[in-house]
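Architecture and fold: a report
The chain contents come next:
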Amino acid sequence: MEYEEAKEKIVAGLSKKKSKTKFYFNDLAKILGEKPRAAKKFITQMVQEEILEYWSSGSTSLYGLKGVGKQAHAEHED
Amino acid sequence: MAKHETPLLDQLESGPWPSFVSDLKQEAEARAKNEKGIDYQIPVDVCDDLLGVLELSFKHGRTHWKHGGIVGVFGYGGGVIGRYCDQPQMFPGVAHFHTMRVNQPAGKFYTTEYLKQLCDLWDLRGSGLTNMHGSTGDIILLGTTTPQLEEIFFELTHNMNQDLGGSGSNLRTPSDCVGQARCEWSCYDTQALCHDLTVEYQDELHRPAFPYKFKFKFDGCPNCCVASIARADISFIGTWRDDIKIDQEAVAAYVGGEVPPNGGAHSGRDWGPFDIQKEVIGLCPTECMWLEGGKLMIDDRECTRCMHCISVMPRALRIGDDRGCSILVGAKAPILDGAQMGSLLVPFIKVEEPYDEIKEVIESIWDYWMEEGKNRERLGELMKRQGFQRLLEMTNIKAAPQHVQEPRHNPYIFWKEEEVEGGFGRDVDEFRKHHQR
Ligand code: SF4
Ligand code: SF4
């Protein structure tokens, strides 16, 4: 898969889910239909390009589209 | 004068032990006085407000921290843990109170110059409060605001040759015992291996793609000073294959009371004369030691290298010369499923640069866990769910007697077709030659 295709899939996949704004890495890998290692390359690049952002509770990490979700507003980080 | 009344916290100072409450108050006072004339970059009363919010939490019996956050430094998915207070009007000093994890040096060796630099940085850009060290091993810098994060990161990486540690679903900062730098029992160079793997797995440390946290810990011998067997998803525990070296003269010196046992520890009380039978031989877990004509004998084939006898009589007994480590997997704290100790996966492996064999084991475990692990499932839980046999298959390690934990309690053996010669198919005509319908 090419990066552009992966990007489209992720953005479309995550935008579709209205009620959820944070996703596990595995959810993203599933959307891509790739093995974890291959998926990671795409996902890392999407973070670099600020399409995705990390969210962390300290013990677990999640991913979301940048600026989307309640927390971004509540914490004045958008 | 304290900013907030804290009667409940004050009570914690009344016990016999040093209290973190006193430390917080001391730091709050020092910041208020600011004798060094520091140009504080976060609220000067951060420590006062921390005491205030803690007191309120005690009173309410619930936390006033929100859960997690999106903060971090650019490109890193770990090392910063976002913390926000849910009462920012009452406690503006801790409206943001993010934690930063800093990758401690292997073996936790510091120069005073480095520590001063770190404290100066944290006084200027953080609360001044640290936790040396957190349970994962990192230097924990407690409490700063979002705008400070990149500044601190720049300073750490550019001027202090220092990286952030792991958090979230990352490889956590690997941590090791002091090893051969100071300890004669270290069966391999823990610092070298810890450092090498930290550098090798930078991507895993900083960019989360695991189902959950993952920890490496390195102990030079089974005394397990960093408790790897109880806490690490992969524990590297030093061991040896040949015999314990015995100096019979020194054994006699211990028996004769010339040398204090345990290197002189526990000497605050009179335990009576040293009794080798009771304190060493009788406590050997595999009962493989005995005295013969005043000489100490060990059946090394039975010895599990538990370190007990060596720790009691360090001058008489020494670790063997054919050294390496055992690899155990799946230890964890009791979050979901009860605490679990590590299970032995590789009984013995040489620890030699460039550690290719060790990396092979690690990467095969990751491939397995990343594909099959459920979200927030530790390796130990996956092993329990799918069985140890599955782990052996995925890591391509052959079952060995050392893998057996107890005699089996299930009389049935489950064969897979590929394990049976000729498979499950049969020649019916051949069968009918011997058996009627
Ligand atoms: S774990 Fe063993 S080798 Fe490491 S410091 Fe402790 S006693 Fe020494
Ligand atoms: S190391 Fe432990 S098992 Fe081995 S001989 Fe000493 S006490 Fe026994």
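Refer to the structure above for everything that follows.
The present account deals with the structure reproduced in this document. (Residues numbered from 1 in each chain as written. Chains lettered and ligands numbered in written order. Predicted model: local features only at pLDDT ≥ 70, side-chain atom pairs only at ≥ 80, totals over all residues. Heavy atoms only, no water.)

1. Things to note about the overall build of chain A
Along the backbone of chain A there are four helices and two strands. The helix and strand sequence of chain A, counted from the amino end, reads α-α-α-β-β-α. Looking at chain A as a whole, 50% of its 78 residues qualify as buried. Excluding contacts between residues fewer than 6 apart, the proportion of contacts in chain A whose partners are at least 24 apart in sequence is 45%. Accessible surface computed for chain A: about 4200 Å², of which carbon and sulfur atoms make up 54%. (Helix = DSSP H or I, 4+ residues; strand = E, 2+ residues; numbered from the N terminus. Buried < 20%, exposed > 50% of the residue type's maximum accessible area, 1.4 Å probe, protein only. Contact = heavy atoms within 4.5 Å. Areas by Shrake-Rupley, 256 points an atom, 1.4 Å probe, with all protein chains shown as cover.)

2. Side note on the overall build of chain B
Regarding its fold elements, chain B presents 15 helices and 13 strands. If one aligns the C-alpha atoms of chain B with their principal axes, the spans along those axes are about 95 × 70 × 45 Å. Across chain B, every contact between residues at least 6 apart in sequence was considered, and the portion connecting residues at least 24 apart equals 64%. For chain B, the computed accessible surface area is about 23100 Å², with 51% contributed by carbon and sulfur atoms. On chain B, the mean spot of the 46 positive side-chain charges and the mean spot of the 66 negative ones are 5 Å from each other. (Lys, Arg positive; Asp, Glu negative; His and termini not counted. Charge placed at Lys NZ, Arg CZ, Asp CG, Glu CD.)

3. Focus on the sheet that holds strand β13 (residues 343-349) of chain B
Residue and element names in this part refer to chain B. Taken in spatial order, the five strands of this open sheet run β5-β6-β7-β12-β13, and their pairing is mixed. Whereas interior strands pair on both sides, the edge strands pair on one side only; in this sheet they are β5 (175-176) and β13. Bridge analysis of strand β7 (residues 234-240) against strand β12 (residues 323-329) gives seven bridges, and the strand direction is antiparallel. When the bridges of β12 are listed, phenylalanine 236 appears paired with isoleucine 327. (Pairing = 2+ DSSP bridges.)

4. A few points about the interface of chain A and chain B
Many descriptions give the size of an interface as the accessible area lost when the pieces come together. With 27 residues of chain A in contact, the opposing surface of chain B contributes 37 residues. Buried surface at the junction of chain A and chain B, summed over both partners, amounts to about 2700 Å²; 48% is from carbon and sulfur atoms. Taken together, the links from chain A to chain B amount to three salt bridges. Residue Asp367(B) is joined to Arg37(A) by a salt bridge in which the shortest nitrogen-to-oxygen separation is 2.9 Å. For the pair chain A and chain B, the number of links is 13 residue pairs in polar contact (both at pLDDT 80 or more). Secondary-structure elements contributing two or more residues to the side of chain A that touches chain B are α2 (25-32), α3 (36-48), β1 (52-56), β2 (61-65) and α4 (70-74) of chain A. With six residues, the single largest contributor to the side of chain A that touches chain B is α3(A). Split into classes, the residues belonging to the side of chain A that touches chain B amount to nine nonpolar, ten polar and eight charged. (Buried area = accessible area lost by both parts, 1.4 Å probe. Salt bridge = Lys/Arg side-chain N within 4 Å of Asp/Glu carboxyl O. Polar contact = N/O pair within 3.5 Å; in protein donor to acceptor, adjacent residues only side chain to side chain. Nonpolar A, V, L, I, M, F, W, Y, C, P; charged D, E, K, R; others polar.)

5. What to know about the site of ligand 2
Ligand 2 sits among 13 residues. The nearest are Cys284(B), Cys303(B), Cys306(B), Met307(B) and Cys309(B). Each residue belonging to the shell around ligand 2 can be placed in one class, and the counts come to ten nonpolar, two polar and one charged. (Near = heavy atom within 4 Å.)

6. Some points on helix α12 (residues 356-372) of chain B
Taking 1.5 Å as the rise per residue, α12(B) with 17 residues should run 24 Å; its terminal C-alpha atoms sit 24 Å apart, in good agreement. Of the residues making up α12(B), those classed as buried are Ile358(B), Lys359(B), Val361(B), Ile362(B), Ser364(B), Ile365(B), Trp366(B), Tyr368(B), Trp369(B) and Met370(B). (Expected span 1.5 Å × (residues − 1).)

7. Considerations on the environment of Thr63(B)
All names here are of chain B. Summarising the element assignment, threonine 63 is placed in the loop between α3 (46-60) and β1 (80-81). The contacts of threonine 63, once residues within four sequence positions are left out, are Ser57 and Asp86. Side-chain polar atoms of threonine 63 contact the backbone nitrogen of tryptophan 65, separated by 3.0 Å.

8. Focus: the packing of aromatic side chains
All names here are of chain B. All chains considered together, the criterion is met by 19 aromatic pairs over all chains. With a centroid separation of 5.7 Å and an interplanar angle of 15°, the aromatic rings of tyrosine 110 and tyrosine 114 are classed as stacked. Its relative accessible area of 24% is what places tyrosine 110 among the partly exposed residues. Classification of tyrosine 114 by relative accessible area gives buried; the value is 11%. Through successive ring pairs, a cluster of aromatic residues spans Tyr201, Phe210, Phe214, Phe216, Phe218, Phe236, Trp366 and Trp369. Positioned above the aromatic ring of tyrosine 40, the side-chain terminus of arginine 31 is 4.2 Å from the ring centre. We note arginine 269 situated over the ring of tryptophan 271; from NZ or CZ to the ring centre the distance is 4.1 Å. (Phe/Tyr/Trp six-rings, centres within 6.5 Å; stacked < 30°, edge-to-face > 60°. Lys NZ or Arg CZ within 6 Å of the ring centre and 35° of its normal.)

9. Here's the deal with the pairing of β1(A)
Residues and elements named next belong to chain A. Counted residue by residue, β1 has five buried out of five residues, so it is predominantly covered. By the bridge criterion, five bridges tie β1 to β2 in an arrangement that is antiparallel. Of the residues in β2, the one forming a bridge with tyrosine 54 is tyrosine 63. Counted along the chain from β1 to the antiparallel partner β2, the turn is four residues long, and its residue glycine 58 has a positive phi close to 105°.

10. Some thoughts on the packing of helix α6 (residues 190-200) of chain B against α12(B)
Residue and element names in this part refer to chain B. At their nearest, the axes of α6 and α12 sit 12 Å apart, and the two run at 50° to each other. In terms of orientation, α6 lies oblique with respect to α12. Here α6 and α12 pass one another in a crossing that is right-handed. Within the contact between the two elements, α6 uses Leu193, Asp196, Leu197 and Glu200 and α12 uses Ile358, Lys359 and Ile362. (Axes fitted to C-alpha atoms, helices over the stretch in contact; angles between N-to-C directions. Parallel < 35°, antiparallel > 145°, perpendicular 65-115°, else oblique. Left-handed = near helix turned anticlockwise from the far one by under 90°.)

11. Notes on the pattern of salt bridges
A side chain of one charge can pair with a side chain of the opposite charge when the charged atoms of the two come close. Taken as a whole and judged by the stated rule, the model has 29 salt bridges over all chains. Put simply, Lys20(A) and Asp27(A) hold a salt bridge, and the shortest N to O gap is 3.9 Å. Residues Glu371(B) and Lys35(A) are paired through a salt bridge, measuring 3.0 Å at the closest nitrogen-oxygen approach. Taken together, the positions of Glu371(B) in helix α12 and Lys35(A) in the loop between α2 and α3 put the pair across two chains. Assessed through its relative accessible area of 45%, Glu371(B) is described here as partly exposed.

12. Side note on the sheet that holds β1(B)
All names here are of chain B. Spatially, the four strands line up as an open sheet ordered β1-β2-β4-β3, and their pairing is antiparallel. Each edge of the sheet is formed by a strand with only one pairing partner; in this case those strands are β1 and β3 (129-132). Taken together, the four bridges between β3 and strand β4 (residues 139-142) define a ladder with antiparallel strand orientation. Bridging from a neighbouring strand, methionine 132 pairs with isoleucine 139 of β4.

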